[in-house]
Amino acid sequence: MSFRLSQGLRALHDSKNTLHSVNGLLWCRNESTALHFYQNKQLDLYASREAKRLTLRQLVFYGRSMNEDRLVKASFPANNPSDVTFSHLLQSANYVRTELPVRIAHRIRDLQSLPYVVVTQEGVAKVYELYWTAFEKFRRYPPIKNLEDNKEFCRFLSNILHEHAPVIPNLSLGLSLSSPYLTPDVLDSFMRRMLVSRISRRVLAEHHIALSQCYLGDHASSGRRDTSEAHVGIIFTAIDVKKSIEQCAQLMRVQPSKDSELADVPLPEIIIEGHTETTFSYIRAHLEYIVFELLKNSMRATRLNHRNSSSLPPVRATIAAGANDIGIRISDEGGGLHTIQTQYGIKSPSDLFSFSHTRNSTRMETGRIGALRTVSARPQGVWATVNEQVQAWEEISAIPGKDPEIGNHPRIGIGLPMSNIFANYFGGSLELVSMDGWGTDAFVRLPKLGTNLEGIEV
Ligand code: COI
């Protein structure tokens, strides 16, 4: 008999139960049936609405329109800032307040449509609970009518962003363990929807927080580099691609290597060439996540492949400014992907993005699962941005006697699939091409016009 997760999870809600995980076992607590029946009706209502997808350009345009608010504000007496003058900011707050529960409801429905056995896997119930709680909180959140409300709303958003930090490792752990029960296509398309939607929700929340900080003059938590470069919310309007690559390379240099087999092998040089003057408008955190991951893989492969040589070949990053896209190619002489493909039963390089063990057997490896368990239990989950990692590293290394562990994640296998999803989010791409026996080229293409809609399903 096939028992769907929808039946299991809905039954748990409808029959007044809340999922709890104790010592890894799921059990349910009886609460009021009527309440959960009502909650499921609410979920139906929100899940039936379409997500209102945005383009990068709309996000920038909306942020810029807040400048009008500032100009209006400037014409008021200095100590009489009126809420009326910030109508665009309040509109943005209410868009986020009403849009996020719709996007979360779609994903809760997605979780409910998986086979029941999936919910019994470690990590999945935690994600499900986090989403239900967030859905309920957003649904009940009252309209934001003035600046004081907005301040409170930004605090609320920051807390939820923080609470959801361990979602990715938990989801990845649960779905890796579920891999034997799902076809590779079902598993990968589910993960893609979950991860793209999560990126989209975090973009909306973080953009609104950053706009509020900017337009209300509170830059305190917007990040060291952020205040010095032109940006609208979280979108940097003139990202210097070469500088971003250098920042990622710098992060790799400051982190001490914990890879014992490479302890004595130096880091290869990174040569940046091509259209090195290129700038474009994008979410810098997304660009740098991808670049950091690809450089990290190329440096590691180069060091492994040449660990007995007297000198290491460089890793080359080539930038190309096309008419519609920015291209970045990271080339290494790390020997190509043939060895790991054979070792892990990977047929094509794109299977490295897969969460299915039949496409990529590392997913069920004991070491990988153990590493995911470790990271899932950390409140900070995985570091979201390179900037965040650099800042955290600098802060921790300034404390005498404190070992800066930042960035030395156990190898959990999330970096490449996430990079692929970040690249796809606004219609770009990531492709790996292996020259077996020589090296690998990774091609990233990111649209530069900002006119593509977010790649989420509505
Ligand atoms: C997530 O990080 O998974 C979220 O859904 C965050 C969002 C509710 C602000």
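Summarised in this report is the structure supplied together with it.

About the cut-offs
Residues numbered from 1 in each chain as written. Predicted model: local features only at pLDDT ≥ 70, side-chain atom pairs only at ≥ 80, totals over all residues. Heavy atoms only, no water. Near = heavy atom within 4 Å. Polar contact = N/O pair within 3.5 Å; in protein donor to acceptor, adjacent residues only side chain to side chain. Areas by Shrake-Rupley, 256 points an atom, 1.4 Å probe, with all protein chains shown as cover. Helix = DSSP H or I, 4+ residues; strand = E, 2+ residues; numbered from the N terminus. Nonpolar A, V, L, I, M, F, W, Y, C, P; charged D, E, K, R; others polar. Phe/Tyr/Trp six-rings, centres within 6.5 Å; stacked < 30°, edge-to-face > 60°. Buried < 20%, exposed > 50% of the residue type's maximum accessible area, 1.4 Å probe, protein only. Pairing = 2+ DSSP bridges. Contact = heavy atoms within 4.5 Å. Axes fitted to C-alpha atoms, helices over the stretch in contact; angles between N-to-C directions.

Some thoughts on the site of the ligand
Then step 1. Near the ligand the following residues occur: Y131, F138, I160, L161, H164, V167, R198, R201, R202 and A205.
Then step 2. The side chain of Y131 places a nitrogen or oxygen atom 3.4 Å from an oxygen atom of the ligand.
Then step 3. Bound to the protein, the ligand loses 100% of the 290 Å² it would expose on its own.
Then step 4. Of all the secondary structure elements, the ones that give two or more residues to the shell around the ligand are helix 5 (124–140), helix 6 (147–163) and helix 8 (184–215).
Then step 5. Each residue belonging to the shell around the ligand can be placed in one class, and the counts come to six nonpolar, one polar and three charged.

A few points about the packing of aromatic side chains
Then step 1. Inspection of the entire model under this criterion finds 10 aromatic pairs.
Then step 2. Ring centres of F280 and Y282 lie 5.4 Å apart, and the angle between their planes is 20°; this geometry places the pair in the stacked category.
Then step 3. Taking the relative accessible area as the measure of exposure, F280 reaches 4% and is therefore buried.
Then step 4. Accessibility expressed as a relative area gives 1% for Y282, which makes it buried.
Then step 5. With centroids separated by 6.3 Å and ring planes inclined at 80°, the aromatic side chains of Y282 and F426 adopt a geometry described as edge-to-face.

So, the sheet that holds strand 6 (residues 279–283)
Then step 1. Read from one edge to the other, the open sheet built from three strands follows the order 3-4-6, with strand pairing classed as antiparallel. The two strands at the open ends of the sheet, each matched to only one other strand, are strand 3 (231–232) and strand 6.
Then step 2. One ladder, built from two bridges, connects strand 3 with strand 4 (residues 235–240); its direction is antiparallel. Bridging from a neighbouring strand, V232 pairs with I235 of strand 4.
Then step 3. Contacting strand 4 and strand 6, helix 9 (residues 241–254) runs over the sheet at an angle of about 90° to strand 4.

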